[in-house]
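# Observations on chain architecture
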Amino acid sequence: MVFCTKPFRAMLLAVVSGAAIASPAMAEVPWAWAKLRTSTNQVNLLTASGSSRPAAIDDCFCPGETLNTSQRSKAEVLFNDGSLTRIGERASVRFWPNTRRLLLNQGTAAVFVPPNQGRTTVQTPNATVGLNSTAVVVRYVPSRQLTLVMALATSPTGPVLVTTGETGQELALQGGQIAFIGGGSWQIVEFDLLEFYQTSDLMAGLRLDDPNYRPPTNEPLAALRPSLLQALNQQAPFDAGNSILDPALITDLTPGAGFQEAENLLVTPPTPVDELRRFNDTPPGVVTPLPEMPPTASPPAENSPLGAPAVVQPATTTAGDG
């Protein structure tokens, strides 16, 4: 996976007002249940009363239950509205009844929401992610109180909105952008969608990098594929020269020996992404070193229309006290 701070075609919106990015209102289809589609290695369901059982294919992942995965384990669940969620290793997720709210207490989840189902929320202990008719990957690292949010596409209803828990600032992510949130600061950079699809175990088998793939009409991702492919096609090629190796931020089957190193990688002082410069490990993907940035950056001009081409001066921003 490649990160970059070069100019790119999708506009970066750092902090903007809620009114400027509000999505059109639509009827919401609440989540009533989810069904376990796949289960790899050790996956457990924990009831509200505290009893745990191994999860099996076609089991109900019911509201109020917590789905936990162990090391080298993963699961895929399908909600009653057709939303698909892939859950990586060492993760803990649950959802509330009659809502569209998913709580991620640790680990990684890829959430694919089909069109016209309403606003979906993924919540971590320090961030809230709102999306409509699009897909995100969200990871929470408890040891660093760090949230990573990757937007896989830009929905016609608007960008992915991320609200930071400590400062309440609202970030808008277009397809191919990733946000790092932790320690009262945040940064946004661009990442290589193609590299991510080709190296992430969480994306294995989805064929999101194949424009010639024709899915069956009943495939959960069928309606989302056009916007996912559009984001992939619109992203300018990455130059992997002068790069360091990706520290496995999203890779889910990382060998256990390197997991703690990956968790300890992104510390907040001075900024989360600064630590990427000094880390050199061997998981797949690369990351482009970031240039030195000024302490603050200005939001885009008020007359910049959402989604219009823009050259971002720097493409990474760190929140200040405001």
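Up top is the structure.
Structure report, in brief. These figures come from a predicted structure and were not determined experimentally.

It is worth spelling out the overall build of the chain at this point. Helix and strand content of the chain: three helices and 20 strands. Taken across its 322 residues, the chain has 55% of its residues classed as buried. Taking contacts inside the chain between residues at least 6 apart in sequence as the whole, the part at least 24 apart equals 61%. A total of about 13,400 Å² of accessible surface is found on the chain, and carbon and sulfur atoms cover 51% of it.

Residues in a regular strand point their side chains to alternate faces of the sheet. Sheet topology note: the strand β3 (residues 43-46)/strand β6 (residues 66-69) ladder contains four bridges and is antiparallel. Counted as the bridge partner of Leu-46 is Thr-66 from β6. Here β3 hands over to strand β4 (residues 52-54) after five residues, with Gly-50 in that stretch at a positive phi of 105°.

Here we come to the nonpolar core. Among soluble globular proteins, nonpolar side chains are generally buried collectively. Counting residues in each nonpolar core, the largest one holds 36 residues, and the members touching the most others are Leu-67 and Val-162. Per-element accounting of this core gives the leading share, four residues, to strand β10 (residues 101-112). Not counting chain neighbours up to four residues away, the residues in contact with Leu-67 comprise Leu-36, Val-43, Asn-44, Leu-45, Phe-61, Ala-75, Val-77, Ile-87, Ala-91, Ser-92 and Val-93. Listed in part, the 29 residues of the second largest apolar core include Phe-112, Val-189, Phe-191 and Ala-231.

On to empty space enclosed by the protein, then. Following the criterion strictly, the structure yields two cavities of 30 Å³ or more and no others. If you add up the space inside the second largest cavity, you get close to 50 Å³. Lining of the second largest cavity is provided by Asn-126, Thr-164, Gly-165, Glu-166, Thr-167, Ile-181, Gly-182, Gly-183, Gly-184 and Ser-185. Class assignment for the residues of the lining of the second largest cavity results in one nonpolar, eight polar and one charged.

What counts and how
Residues numbered from 1 in each chain as written. Predicted model: local features only at pLDDT ≥ 70, side-chain atom pairs only at ≥ 80, totals over all residues. Heavy atoms only, no water. Helix = DSSP H or I, 4+ residues; strand = E, 2+ residues; numbered from the N terminus. Buried < 20%, exposed > 50% of the residue type's maximum accessible area, 1.4 Å probe, protein only. Contact = heavy atoms within 4.5 Å. Areas by Shrake-Rupley, 256 points an atom, 1.4 Å probe, with all protein chains shown as cover. Pairing = 2+ DSSP bridges. Core = buried A, V, L, I, M, F, W, Y, C linked by side-chain atoms within 4.5 Å. 1 Å grid on protein atoms, 1.4 Å probe; cavity = no way out; pocket = protein on both sides within 12 Å on 5 of 7 lines; lining within 4 Å. Points joined across faces, edges and corners; volume = space filled by probe spheres on them. Nonpolar A, V, L, I, M, F, W, Y, C, P; charged D, E, K, R; others polar.

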